[in-house]
Amino acid sequence: MTINLKAIITAAAFAAFGTGGAQAEQLRLLSSWDPSFPMNTDFVTPFMEGVAARSEGAVEITMDGPEVVDPFSQFEPVQAGLYQILFTHAAYHTGETRLALPLEANLMADPEKIRTSGLWDEIDAGYNALGFKLIGITTTGTGAYQILMRDKPADAENPLAGMRVRGSPPYAPVIEEFDGTLVVLPAGEIYSALDRGVVEGAGWPVVGTQDSRLTEVTKYYMTPGFGAGHYMMLMNLDAFNALDAAQQEVILSVAKEVESESAKVFAELTVSEVEFMQSEGLEAVELSEEMTQRMTSAFATGLSAMATANGESSAEKIVAFMRENGLM
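**Student:** Is there a simple way to think about the packing of helix α2 (residues 38–54) against helix α10 (residues 245–279) in this case?
**Tutor:** The relative placement of two packed helices comes down to the angle between their axes together with the axis-to-axis distance. One can describe the packing of α2 onto α10 by two numbers: an axis separation of 9 Å at closest approach and a directional angle of 150°. Judged by the inter-axis angle, α2 sits roughly antiparallel to α10. The element α2 and its partner α10 pack so that their crossing is right-handed. Taking contact as the criterion, the partners of P38, D42, F43, P46, F47, G50, V51 and R54 in α2 are, on α10, V250, I251, S253, V254, A255, E257, V258, S262, V265, F266 and L269.

Structure follows, in structure tokens:
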């Protein structure tokens, strides 16, 4: 007789978790990034592995990504329960809600401060109304975004003057503050647009520069960066409520631990990315303190206006909360 050691170990794990030998809870996660991107390797994978280990096999999570569902189309299938968990960015579902978009202008982008200030709970409540449970918010800390350029700026006070700069709408306030012109292009077209001179610059997250290969077609980068990247783990609210209390606690506790490490991990990744850019021969275009303040203010003002442009009450509430608590 062949002994199935894996089945015996799994059954024992289920019993230890109090499932009485029940089948593992299978959850499906959608991520907005490819498997090799840092957002997945440094946050989603540890979350999935942590949940499996802490639940002793009683909760298992599998992941699909943008190759299955486009990032801009992932909100609805999780909201409908076809998937149970979503790892994404607020910019990918502005058509459904803009309530978390103001997070990008967070001046104190620290996981603990996001929670202790009450901001985490405010965002959770906003997503609850849409059928989601907030599981965690990973943050890059400040200086998450940058402008890469083909040529050295001619105007030291307005470094993007006369440049056509690719960027998604959230980049617009900074590009326009320094007299550049926003050009909206899909991410997959940025490389060729820079290479052919269709645009002279591009807004891009600092973390992910190496994977983008944009250093092959640019020579300068504007520093310091601006804004604070926030990546959210959301769960279908009905699916979350269907779990027992122990399973819910496992998911929330593991997500909180991953969340608490996020700023540190992103800080290390940022250093690595800047070192890579410099090794590729890119030169820094350093902004003065006054210019940095202009940039920070323009970004916060622009994002706030963008978040509240359609009168969404939950987004207005987040903007007001952040302002009242000195987070913006």
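From this point on, the discussion continues.
**Student:** What exactly am I supposed to notice about the environment of M39 here?
**Tutor:** Here M39 lies in helix α2. Through-space distance from the C-alpha of M39 to that of T138 is 9.2 Å; in sequence the pair is 99 residues apart. In this view, M39 contacts W33, V44, F87, V207 and Y231; residues no more than four positions away in its chain are not counted.

**Student:** Sorry, what's going on with the confidence of the model for the chain here?
**Tutor:** Scored by pLDDT, the chain has a mean of 89; 93% of the residues are at 70 or more. When mean pLDDT is compared element by element in the chain, helix α9 (residues 237–242) scores highest at 98, while helix α1 (residues 5–16) scores lowest at 32. The low-confidence segment residues 1–21 (pLDDT under 50) makes 22 contacts with residues lying over four places distant or belonging to another chain.

**Student:** Looking at this structure, I do not really get the nonpolar core. What am I missing?
**Tutor:** Soluble, globular proteins show a tendency: their nonpolar side chains are buried together. Residues L119, I123, Y127, I147, L160 and M222 are the most contacted members of the largest nonpolar core, which totals 52 residues. Every element with two or more residues in this core is listed here: α3 (75–79), α5 (119–128), β4 (132–149), α6 (172–177), β8 (220–223), β9 (226–236), α11 (289–308) and α12 (313–324). When sequence neighbours within four positions are dropped, the list of residues in contact with Y127 reads F75, H93, T97, L99, A100, F132, M232 and L234. Core analysis: the second largest hydrophobic core is formed by 29 residues, M39, F87, V254 and F266 among them.

So, how was this worked out
Residues numbered from 1 in each chain as written. Predicted model: local features only at pLDDT ≥ 70, side-chain atom pairs only at ≥ 80, totals over all residues. Heavy atoms only, no water. Axes fitted to C-alpha atoms, helices over the stretch in contact; angles between N-to-C directions. Helix = DSSP H or I, 4+ residues; strand = E, 2+ residues; numbered from the N terminus. Parallel < 35°, antiparallel > 145°, perpendicular 65-115°, else oblique. Left-handed = near helix turned anticlockwise from the far one by under 90°. Contact = heavy atoms within 4.5 Å. pLDDT = per-residue confidence, 0-100. Core = buried A, V, L, I, M, F, W, Y, C linked by side-chain atoms within 4.5 Å. Buried < 20%, exposed > 50% of the residue type's maximum accessible area, 1.4 Å probe, protein only.

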